[in-house]
Amino acid sequence: SQKIEQNSEALNIQEGKTATLTCNYTNYSPAYLQWYRQDPGRGPVFLLLIRENEKEKRKERLKVTFDTTLKQSLFHITASQPADSATYLCALDGSGSARQLTFGSGTQLTVLP
Amino acid sequence: EAGVTQFPSHSVIEKGQTVTLRCDPISGHDNLYWYRRVMGKEIKFLLHFVKESKQDESGMPNNRFLAERTGGTYSTLKVQPAELEDSGVYFCASSQDLGGFGYNSPLHFGNGTRLTVT
């Protein structure tokens, strides 16, 4: 069956360092992958989208890579700040419908001052 | 631009009662989605509207759940009768088609309705 795994439930890093979050999937051939940020008590907020034919996408301090051979996406936050502390979710289009997103369980990132 | 709004933010009901959740999408967004997160699980797709039509309702768990979007504006999700396992956070999201790449439109989520069935 299809499965998405995000590398760890929680990740703590020091301010100024680069945070790297991992999203692995099995039994999928997604056309695209999205990353969202979620703060407590709020809905997910879209950050970046990367298509299957793209290797890398950047937006300000954020960078996403997509390796369809490894079935993996990496999400990087450079020069991390305490305000980056949140849960980060990866989401892939599910089978049968490009509009039906399947979410990973998320990685809770804490940036320590 | 006003975001996606959901009402109520919290609801506590007893097993067997009925609850109706409401979602107002971003104005002009034809696509409206319902997702939910039950305790300890991932956010799961429930269904998708394009305007007033149900495009995909494959994620609806059973016939106790009924979603409507009359007039293609706001949507309601009714749970009747509610069961304990229905407890969770129900998210609504909307998106705007962007020409031929509409399926890539990012989702704009509301803050969810936290439903507790006791």
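Up top is the structure these notes are about.
Here's what I pulled together on the structure shown here. (Residues numbered from 1 in each chain as written. Chains lettered and ligands numbered in written order. Predicted model: local features only at pLDDT ≥ 70, side-chain atom pairs only at ≥ 80, totals over all residues. Heavy atoms only, no water.)

Some thoughts on the layout of surface pockets
Thinking step 1. In this structure, the largest pocket spans a volume of roughly 770 Å³.
Thinking step 2. Around the largest pocket, the lining comprises 36 residues; the ones closest to its centre are Gln38 and Gly41 of chain A together with Arg37, Val89 and Arg114 of chain B.
Thinking step 3. Along its surface, the second largest pocket is lined by 25 residues, and Thr102 and Phe103 of chain A together with Glu42, Ile43 and Lys44 of chain B are the ones closest to its centre.
Thinking step 4. Secondary-structure elements contributing two or more residues to the lining of the second largest pocket are strand E1 (3-6) and strand E10 (101-103) of chain A together with strand E4 (31-37) and strand E5 (43-50) of chain B.
Thinking step 5. Across the lining of the second largest pocket, the residue classes tally to 9 nonpolar, 9 polar and 7 charged. (1 Å grid on protein atoms, 1.4 Å probe; cavity = no way out; pocket = protein on both sides within 12 Å on 5 of 7 lines; lining within 4 Å. Points joined across faces, edges and corners; volume = space filled by probe spheres on them. Helix = DSSP H or I, 4+ residues; strand = E, 2+ residues; numbered from the N terminus. Nonpolar A, V, L, I, M, F, W, Y, C, P; charged D, E, K, R; others polar.)

Some remarks on the packing of aromatic side chains
Thinking step 1. Under the definition given, this model contains 13 aromatic pairs over all chains.
Thinking step 2. Summarising the aromatic geometry, the rings of Phe75 of chain A and Tyr88 of chain A are spaced 5.4 Å apart at their centres and angled 35 degrees between planes, so their arrangement reads as tilted. With Phe75 of chain A in strand E8 (residues 72-77) and Tyr88 of chain A in strand E9 (residues 86-93), this residue pair connects regions lying 13 residues apart in the sequence. For the residue pair Phe75 of chain A and Tyr88 of chain A, the accessibility class agrees, reading buried in each case.
Thinking step 3. Among the aromatic residues, ring-to-ring pairing joins Tyr36, Phe46 and Phe103 of chain A together with Tyr33, Tyr35, Phe45, Phe91 and Phe109 of chain B into one connected group.
Thinking step 4. A cation over an aromatic ring shows up here: Arg22 of chain B above the ring of Tyr74 of chain B, its NZ or CZ 3.8 Å from the ring centre. (Phe/Tyr/Trp six-rings, centres within 6.5 Å; stacked < 30°, edge-to-face > 60°. Buried < 20%, exposed > 50% of the residue type's maximum accessible area, 1.4 Å probe, protein only. Lys NZ or Arg CZ within 6 Å of the ring centre and 35° of its normal.)

Quick notes on the sheet that holds strand E7 (residues 62-67) of chain A
Residue and element names in this part refer to chain A.
Thinking step 1. With respect to topology, 5 strands assemble into an open sheet ordered E1-E3-E8-E7-E6, the strand pairing being antiparallel. Every interior strand has two partners, whereas the edge strands, E1 and strand E6 (56-59), have only one. Across the sheet, the axes of successive neighbouring strands diverge by a mean angle of 15 degrees, strand direction being ignored.
Thinking step 2. For strand E3 (residues 19-26) and E8, the ladder comprises 6 bridges, and the chain directions are antiparallel. Bridge pairing in E8 links Asn24 to Gln72. (Pairing = 2+ DSSP bridges. Axes fitted to C-alpha atoms, helices over the stretch in contact; angles between N-to-C directions.)

What about the side chain of Asp84 of chain A?
Residue and element names in this part refer to chain A.
Thinking step 1. Among the secondary structure elements, Asp84 is positioned in the loop between E8 and E9.
Thinking step 2. The exposure class assigned to Asp84 is buried, which follows from its relative accessible area of 8%.
Thinking step 3. If we ignore the near neighbours within four places in the chain, the residues touching Asp84 are Arg37, Arg61, Ile77, Ala79, Leu109 and Val111. (Contact = heavy atoms within 4.5 Å.)

Section: the nonpolar core
Thinking step 1. Ranked by size, the top nonpolar core spans 24 residues in total, and within it Trp35, Phe75, Tyr88, Leu92 and Leu109 of chain A carry the most contacts.
Thinking step 2. When residues of this core are traced back to their parent elements, those giving at least two are strand E2 (10-14), E3, strand E4 (32-38), strand E5 (45-51), E7, E8, E9 and strand E11 (107-112) of chain A.
Thinking step 3. In terms of nonpolar packing, the next biggest core, distinct from the first, is built from 21 residues, Ile26, Leu46, Leu47 and Leu115 of chain B among them. (Core = buried A, V, L, I, M, F, W, Y, C linked by side-chain atoms within 4.5 Å.)

Observations concerning the pattern of salt bridges
Residues and elements named next belong to chain B.
Thinking step 1. All told, the structure shown has 9 salt bridges over all chains when counted by the stated rule.
Thinking step 2. Ionic pairing is found between Glu57 and Lys54, a salt bridge with its closest N-O pair at 3.9 Å.
Thinking step 3. We classify Glu57 as partly exposed; its relative accessible area is 43%.
Thinking step 4. Assessed through its relative accessible area of 35%, Lys54 is described here as partly exposed. (Salt bridge = Lys/Arg side-chain N within 4 Å of Asp/Glu carboxyl O.)

In short, shape yes, function no, at least from these values alone.
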